[in-house]
2 protein chains.
Amino acid sequence: MNIKAVAKLANVSTATVSRTINGSPKVSPDTAARVRKAMETLNFVLNTNARALGSGRSNLLGLIISDITNPFFPELVKAFEDIAVSQGKEVLIANTDYDPDRTMHCVTRMLQRKVDGVAIMTSEISEHVISFFLKRKIPVVFLDTGEPAPGISRINIDYPAGVEMAMQYLTQLGHKDISFISGPLNLNSAKTRYQAFMESSAREHLSAKAEYVQEGNHRPDGGYRAMQRILALEQRPTAVLTSNDLTAIGAMGAIFEAGLRIPQDISIIGFDDIQLSAFTEPPLTTVRIPHKDVARVAIEALLGTQDPISKEPKDGAQYKIQPIFMPRRSAGPVPGEAHSFKRRRADRLHA
Amino acid sequence: MNIKAVAKLANVSTATVSRTINGSPKVSPDTAARVRKAMETLNFVLNTNARALGSGRSNLLGLIISDITNPFFPELVKAFEDIAVSQGKEVLIANTDYDPDRTMHCVTRMLQRKVDGVAIMTSEISEHVISFFLKRKIPVVFLDTGEPAPGISRINIDYPAGVEMAMQYLTQLGHKDISFISGPLNLNSAKTRYQAFMESSAREHLSAKAEYVQEGNHRPDGGYRAMQRILALEQRPTAVLTSNDLTAIGAMGAIFEAGLRIPQDISIIGFDDIQLSAFTEPPLTTVRIPHKDVARVAIEALLGTQDPISKEPKDGAQYKIQPIFMPRRSAGPVPGEAHSFKRRRADRLHA
DNA sequence: ATGGACGATGTAACCGAATTCACGCTATCT
DNA sequence: AGATAGCGTGAATTCGGTTACATCGTCCAT
């Protein structure tokens, strides 16, 4: 069941078999046919390990994410994988669970498997780790982190713009007291969004009380608990912005349990736009991160990143991705004021 | 940056380096230390491909799922990965997207990478595919499919029991007209649940009208549309059972949009118990598939499946996993009847 | 003293492909 | 006819580890 057996059966050398497998043009059509038939009858399966070893190329793209349990990531993974496969690449997924030890383990795995490139979609990677890849001339693309640096492509989601859209929407609906539920603030990604909120908040001259910002954990239970704390505040905000949809959904649970209505009593806006957000009750108004674009750009950065001639990594390109505001029904006019606010009907299916 | 360089620096043979890496007991402690220091200073990273090729073992466990976008699977993946890593194995994930072509592609990937075992968590694999693994003496464990066969371990979720629990719960609340939203009925997994529903329905002598069963697609939008069809029925059912939580959440959207209340006007029960189900409004009553148990048993089956002496696969063990009924708030008494039904309060956090 | 057992290490074959280089054959040009 | 180019093919090397087997002391029992 190896190339040698195929070669013997087809009465050619192993080199010819290898060439046939790889679609080399310098194999005559009938030889190729003979080889293919031999592979067929032997049920031949290529050994990827041997191929990678022999050729020095693995055909693998690494994808490091923080938490596969957060629906945003599977959606991203799927998009990434679809594109990668269409380019003849495979994907190696690793998740860090926000844990530095595990992160290091993920990086090691990528290195060990000799990936052709890595997309790092978690910001919890200390910068010095990058050098591991750079030293080996492995293209890297980062989502959403840190300073520009030579040789590193970065995809930046324009969080400030996203937050601004949400804030604009809310202020236009008359909201002045807007709360924020952040992710765990020891994470860079969470800090970025938090800062965007603070800046926008200041720009709009809103009351940015310290207790208006509560820390969640990017998961529903964190949003639930954070919202409970917010609801217990003396001066309750009329709107809440959350750092991701999961948090928002958890927060909605707490709001309902307090006997309040969304959006009549309190408005809420999420971030990410996961599939389910269109199906909550009410459907969640959110800021979509266009994950397909992210995936597309990431792969483009990875595969286009090597100068085809010198094989040296090109200088890292910087990409900026614009979030898209998705008005649904969880955010409405501030209570007690008459605003024209149209309820939308069929907004669940056409996301 | 290969073993040879390390060997030279540490002044030993490559064999000794290899032994050190693999923790062989027959390396003297100080030699091992010397080798390790050499690896350190050279920033040595093992080449997994070469290792796999040389040793014939890949240390990889394959995991084939149908749709990474359905939150049930990431939860399963995570559990599986956690356990695998604790056993020193890595996980290779592949998803079929319910697509036969892609399924074949997944199987090929597993074969090519020479996995040490495969957990097939999608039922959309034609039985003949198994022979690919069996022929190569690769342990296989199936979730939830087909007939017992020698050499194949199977994990069977007791769907009939799960459906029965839900049905019992509903009938005790007075429901007689119970609808079912199935998965795509061309899939085995969906058919299994559908049949369980039909049998249970018959057992309870319920009106199993044909139009009470509507086909979804395992995703929210399918549940939404299916529910719209059900709501348009002349005699509307008072309760709906769905084939998974995603479907249930979609269906809830349709119910709310029709101006109905859950559970006062209509009860709904899901299947799976994904994280989010505790945070919908109302929290979703569902039948939990204990995914951690599934993962644990799967790995146990895979790793324990080879006779340690003969290296022949042992006869496939059969495991049965009992679902767990999770009463929350989306199912209540049949409308118009007085039933004692206690609303639960803090059921979101303690899933 | 001697043979054997054992522990630590080295030597070299091997895993299954990819790839370089050489070679033979045919077709074309002068 | 002889030089030349090109195409299809094969032999042999290489990739980076693992591992069976060989080697060499050392220590102990006889």
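Because the structure is predicted, anything quoted here is derived from the model rather than measured. (Residues numbered from 1 in each chain as written. Chains lettered and ligands numbered in written order. Predicted model: local features only at pLDDT ≥ 70, side-chain atom pairs only at ≥ 80, totals over all residues. Heavy atoms only, no water.)

(A) Highlighting the protein's contact with DNA strand D. Contacts to DNA strand D come from 29 residues, most closely from Arg19 and Thr31 of chain A together with Ile3, Ser18 and Arg57 of chain B. Backbone atoms, meaning sugar and phosphate, make up 68% of the atoms of DNA strand D lying within 4 Å of the protein. Within the contact set of DNA strand D, a phosphate oxygen lies 2.6 Å away from a backbone nitrogen or oxygen of Ile3 of chain B. Between DNA strand D and the protein, one listed contact pairs a phosphate oxygen with a side-chain N or O atom of Asn22 of chain B at 3.1 Å. Mapped by element, the contributors of at least two residues to the surface near DNA strand D are α2 (14-21) and α4 (48-55) of chain A together with α2 (14-21) and α4 (48-55) of chain B. No other element matches the five residues that α4 of chain B contributes to the surface near DNA strand D. Of the residues assigned to the surface near DNA strand D, the class counts are twelve nonpolar, twelve polar and five charged. (Near = heavy atom within 4 Å. Polar contact = N/O pair within 3.5 Å; in protein donor to acceptor, adjacent residues only side chain to side chain. Helix = DSSP H or I, 4+ residues; strand = E, 2+ residues; numbered from the N terminus. Nonpolar A, V, L, I, M, F, W, Y, C, P; charged D, E, K, R; others polar.)

(B) Representation of the protein's contact with DNA strand C within the structure. Lining the immediate surroundings of DNA strand C are 28 residues, of which Ile3, Ser18 and Arg57 of chain A together with Arg19 and Thr31 of chain B lie closest. Sugar and phosphate atoms represent 69% of those atoms of DNA strand C found within 4 Å of the protein. Separating a base oxygen of DNA strand C from a backbone N or O atom of Gly54 of chain B is a distance of 3.3 Å. Sorting the residues of the surface near DNA strand C by element identifies α2 and α4 of chain A together with α2 and α4 of chain B as the ones contributing at least two each. Here the residues of the surface near DNA strand C sort into eleven nonpolar, twelve polar and five charged.

(C) Geometry of helix α9 (residues 188-203) of chain A. Residues and elements named next belong to chain A. Here α9 is 16 residues long and its end C-alpha atoms lie 22 Å apart, about the 22 Å a rise of 1.5 Å per residue gives. All buried positions along α9 are accounted for by Ser189, Ala190, Arg193, Ala196, Phe197, Ser200 and Ser201. Here the buried residues of α9 occupy an arc of 130 degrees about the axis, which is enough to place them on one side. Looking at the buried residues of α9, the elements they touch are α8 (159-172), β6 (178-182), β7 (213-215), β8 (239-242) and β9 (267-272). Backbone geometry just after α9 places His205 at a positive phi near 55 degrees. (Expected span 1.5 Å × (residues − 1). Buried < 20%, exposed > 50% of the residue type's maximum accessible area, 1.4 Å probe, protein only. Arc of directions from axis to C-beta. Contact = heavy atoms within 4.5 Å.)

(D) Structural context of the nonpolar core. Counting 146 residues, the largest nonpolar core has Phe80, Met121 and Met227 of chain A together with Phe80 and Met227 of chain B as the members making the most contacts within it. Excluding residues within four positions of it along the chain, Phe80 of chain B makes contact with Leu61, Gly62, Leu63, Val91, Ala119, Ala295, Ala298, Ile299 and Leu302 of chain B. (Core = buried A, V, L, I, M, F, W, Y, C linked by side-chain atoms within 4.5 Å.)

(E) Molecular detail of the interface of chain A and chain B. At the junction of the two partners, chain A supplies 52 residues and chain B supplies 52 residues. Carbon and sulfur atoms supply 54% of the area buried between chain A and chain B, which totals about 5400 Å² over both sides. A salt bridge links Arg109 of chain B to Glu90 of chain A, with the nearest nitrogen and oxygen atoms 2.4 Å apart. The interface formed by chain A and chain B holds 16 residue pairs in polar contact (both at pLDDT 80 or more) in total. Contributing elements (two or more residues each) for the side of chain A that touches chain B: α4, α5 (72-86), β2 (90-95), α6 (100-112), α7 (127-135), α10 (220-231) and α11 (245-257) of chain A. Classifying every residue of the side of chain A that touches chain B by side-chain character gives 21 nonpolar, eleven polar and 20 charged. (Buried area = accessible area lost by both parts, 1.4 Å probe. Salt bridge = Lys/Arg side-chain N within 4 Å of Asp/Glu carboxyl O.)

(F) Representation of the pairing of β2 of chain A within the structure. Residue and element names in this part refer to chain A. Of all six residues in β2, six are buried; the element is thus mostly enclosed. Where burial is concerned, the two faces of β2 agree: the one with Glu90, Leu92 and Ala94 and the one with Val91, Ile93 and Asn95 are both buried. On the question of chirality, the crossover connecting strand β1 (residues 60-65) to the parallel β2 by way of α5 is right-handed. (Right-handed = clockwise from strand over helix to strand, strands pointing away.)

(G) Structural context of the sheet that holds β2 of chain A. All names here are of chain A. The six strands lie next to each other as β2-β1-β3-β4-β5-β11, forming an open sheet whose pairing is parallel. The open sheet has two free edges, formed respectively by β2 and β11 (318-321), since each of these has just one partner strand. Here the average twist between neighbouring strands, direction ignored, is 15 degrees. Inspection of the sheet shows β1 paired to β2 by six bridges, in the parallel sense. Considered in β2, the bridge of Leu60 is made with Glu90. Its contacts with the sheet place helix α12 (residues 291-303) against β1, β3 (117-120), β4 (140-143), β5 (153-157) and β11, and it is angled at close to 175 degrees to β11. (Pairing = 2+ DSSP bridges. Axes fitted to C-alpha atoms, helices over the stretch in contact; angles between N-to-C directions.)

(H) The domain arrangement of chain A, seen in detail. Residue and element names in this part refer to chain A. Taken domain by domain, chain A consists of domain 1 (3-29 + 40-46), domain 2 (58-158 + 291-323) and domain 3 (159-288). A C-alpha centroid distance of 29 Å is found between domain 2 and domain 3. Facing the twelve residues of domain 2 at the interface are 17 residues of domain 3. Taken over both partners, the interface formed by domain 2 and domain 3 buries close to 1400 Å², and the fraction arising from carbon and sulfur atoms is 54%. (Domains from an automatic or database assignment.)

(I) Local environment of the relation of the copies chain A and chain B. For the pair chain A and chain B, the superposition axis carries a translation of 0.0 Å, the fit reaches an RMSD of 0.1 Å, and the rotation angle comes to 180 degrees. Here the copies are linked by what is in effect a two-fold axis. Minimal C-alpha separation from the rotation axis in chain A is found for Asn49 of chain A, amounting to 2.3 Å. Interface overlap between copies: 100% of the residues of chain A at the interface are likewise at the interface in chain B, consistent with a symmetric, same-surface contact. (Least-squares fit on C-alpha atoms with pLDDT ≥ 70 in both.)

(J) Representation of the packing of aromatic side chains in the model. Residues and elements named next belong to chain A. Under the counting rule described, the total for this entry stands at ten aromatic pairs over all chains. Where Tyr169 meets Phe325, the ring centres are 4.7 Å apart and the plane angle is 50 degrees; that geometry is what we call tilted. Of this pair, Tyr169 sits in helix α8 while Phe325 sits in strand β12 (residues 324-326); the two residues are 156 residues apart in sequence, bridging distant segments of the chain. Take Tyr169 and Phe325: they sit in the same class, and that class is buried. Positioned over the ring face of Phe271 is Arg193, at 5.2 Å from the centre of the ring. (Phe/Tyr/Trp six-rings, centres within 6.5 Å; stacked < 30°, edge-to-face > 60°. Lys NZ or Arg CZ within 6 Å of the ring centre and 35° of its normal.)

(K) Summary view of the pattern of salt bridges. In the structure shown here, the tally under the stated rule is 34 salt bridges over all chains. With a closest N to O distance of 2.5 Å, Arg203 of chain A and Glu164 of chain A form a salt bridge. Here Glu164 of chain A lies in helix α8 and Arg203 of chain A lies in helix α9, a separation of 39 residues in the sequence. Taking the relative accessible area as the measure of exposure, Glu164 of chain A reaches 16% and is therefore buried. Here Glu257 of chain A makes a salt bridge to Arg329 of chain B, at a shortest N to O gap of 2.7 Å.

(L) Layout of the sheet that holds strand β2 (residues 90-95) of chain B. All names here are of chain B. Taken together, six strands build an open sheet; the order of strands is β2-β1-β3-β4-β5-β11 and the sheet is parallel. Lying at the two open borders of the sheet, with one neighbouring strand each, are β2 and β11 (318-321). Put simply, the sheet's adjacent strands are angled 15 degrees from each other on average, direction ignored. Alignment of strand β3 (residues 117-120) against strand β4 (residues 140-143), held across three bridges, turns out to be parallel. By the bridge assignment for β4, Ala119 is matched with Val141.

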